[in-house]
Amino acid sequence: MARRYLSFIILHLSLSAALVSCGDFWTADTANIADGRQMGLGRRVVTIVEGERYAIPVWFTPDTLYNPTVYWETEDDDIAAFDNDTLIALTPGVTRAIATSTIDRLSDTCWVQVLPRPEVDWGNFPYEMMLYASVTIHGTPLTPANQDSVIIAAYVDRDLRGVGQLRQSHGIDYLQMRIGSYRQRGDTVRLRCYYRGEARADWFPDAIVFDGEALGTLSDLYPLVIDNSSMPYEPDIEDFTDENPIYEDPDTVIIEINPINR
């Protein structure tokens, strides 16, 4: 008959009772629960291009709580690391960022997805098509004045197939994108808008079927529009979760219950 025992109980004098299934983990943040003080990160997922930097926003509750010093780290500093409080994207991949306040020992985490630089090797693709489009992002047309704020790229599944370039003809601004394919026709192409400086990305709602022909013309531009109904681009978190995604700090109680068969 199986017996159960606590294989380890660590890290804090205050311990709450918990019942969990075999092999699972249960956690309780015991720091400042009684007085309601909390800290959190303003983003659940940070999507950032390799080589770029971003300061993840932090909030505290109540509003009168002021804790200026936060210690930052990542679970994989080959993918992303911190320079003081600024995240630096190093190599493509997914990891977690961990923030801990140094005074109250409040803590929170978020996912960090590092995208590869948007560079296309055109020697790989035997077939191409051209896209000529007008671009409107949340009500604002894309123009030479704001073009550096975004990167617009084409993907087939997770494979980069093209990067848009803003052009101007007779006073009209338009996006020109060369899209490559390994097949003469049939690929489903999705377009993604990455917001530089904001470390996030959205999908354009339209899907383009690759046919080797031009889509849109300079006199009849194809409309690309992102609005509030557009879906954010985020990693499939389930692909990256591990068996024990708990970050251990001095204010966390961790209990593991394992069976022993006699």
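No experiment lies behind these values; they were computed from the predicted model shown.

Quick notes on the confidence of the model for the chain
Step number 1: When pLDDT is averaged along the chain, the result is 79, and 74% of the positions lie at 70 or above.
Step number 2: Within the model, pLDDT remains below 50 along residues 242-262, and this stretch shows 78 contacts once partners closer than five positions in the same chain are excluded.

Some words on the environment of Glu52
Step number 1: With respect to the secondary-structure elements, Glu52 resides in the loop between strand E4 (45-49) and strand E5 (53-54).
Step number 2: When its relative accessible area of 14% is taken as the criterion, Glu52 is described as buried.
Step number 3: Residues Glu52 and Arg196 lie 144 residues apart in sequence; the distance between their C-alpha atoms is 8.3 Å.
Step number 4: Among residues more than four places away in sequence, those in contact with Glu52 are Leu87, Ile88, Ala89, Tyr194 and Arg196.
Step number 5: Only 2.8 Å separates the side chain of Glu52 from the side chain of Arg196, close enough to count as a polar contact.

Looking at the pattern of salt bridges
Step number 1: Here the structure, examined in full by the defined rule, presents ten salt bridges.
Step number 2: Ionic pairing is found between Glu52 and Arg196, a salt bridge with its closest N-O pair at 2.8 Å. You can see Glu52 sitting in the loop between E4 and E5 and its partner Arg196 sitting in the loop between strand E18 (188-195) and strand E19 (200-209), a full 144 residues away along the chain.
Step number 3: Among the ionic pairs, Asp83 bridges to Arg53, the shortest N-O distance being 3.0 Å. Taken together, the residues Asp83 in strand E8 (residues 80-83) and Arg53 in strand E5 connect sequence positions 30 residues apart.
Step number 4: Among the ionic contacts, a cluster of salt bridges with common partners joins Asp159, Arg161, Arg183 and Asp187.

Brief notes about the packing of aromatic side chains
The way to describe two aromatic rings as a pair is by their centre distance and the angle between their planes.
Step number 1: Scanning all chains against the criterion turns up five aromatic pairs.
Step number 2: A network of ring pairs unites the aromatic residues Trp122, Phe125 and Tyr182 as a single cluster.
Step number 3: The lysine or arginine in question, Arg192, covers the ring of Tyr155, its NZ or CZ lying 3.8 Å from the ring centre.
Step number 4: In this structure, Arg200 packs its charged tip against the face of Tyr195, placed 4.0 Å from the ring centre.

Analysis parameters
Residue positions within a chain follow its written sequence, with the count starting from 1. Reporting in this predicted model follows two pLDDT cut-offs: at least 70 for local features of residues, and 80 or more for side-chain atom pairs to be given and counted; totals over whole chains, interfaces and linings ignore these cut-offs and use all residues. The side-chain quantities take in all heavy atoms of the structure and omit both hydrogens and water. Think of pLDDT as the predictor's per-residue confidence, scored from 0 to 100. Contact between two residues is taken to exist if any of their heavy atoms lie within 4.5 Å; hydrogens are not considered. To qualify as a helix, a DSSP run of H or I must reach at least 4 residues; to qualify as a strand, a run of E must reach at least 2; elements of each kind are numbered from the N terminus. The classification of residues rests on relative accessible area computed with a 1.4 Å probe and restricted to protein chains. Under 20% of the type maximum is buried, over 50% is exposed, and intermediate values are partly exposed. Under the rule applied, a polar contact is a pair of N or O atoms within 3.5 Å (in protein, one hydrogen donor and one hydrogen acceptor; residues adjacent in sequence only if both atoms are side-chain atoms). Each reported salt bridge corresponds to a side-chain nitrogen of Lys or Arg within 4 Å of a carboxyl oxygen of Asp or Glu. What counts as a ring pair is set by centres within 6.5 Å for rings of Phe, Tyr and Trp (its six-membered ring), and what kind of pair is set by the plane angle: stacked under 30 degrees, edge-to-face over 60, tilted for all other angles. Should the NZ of a Lys or the CZ of an Arg lie within 6 Å of a ring centre and within 35 degrees of the ring normal, that charge is described as sitting over the ring.

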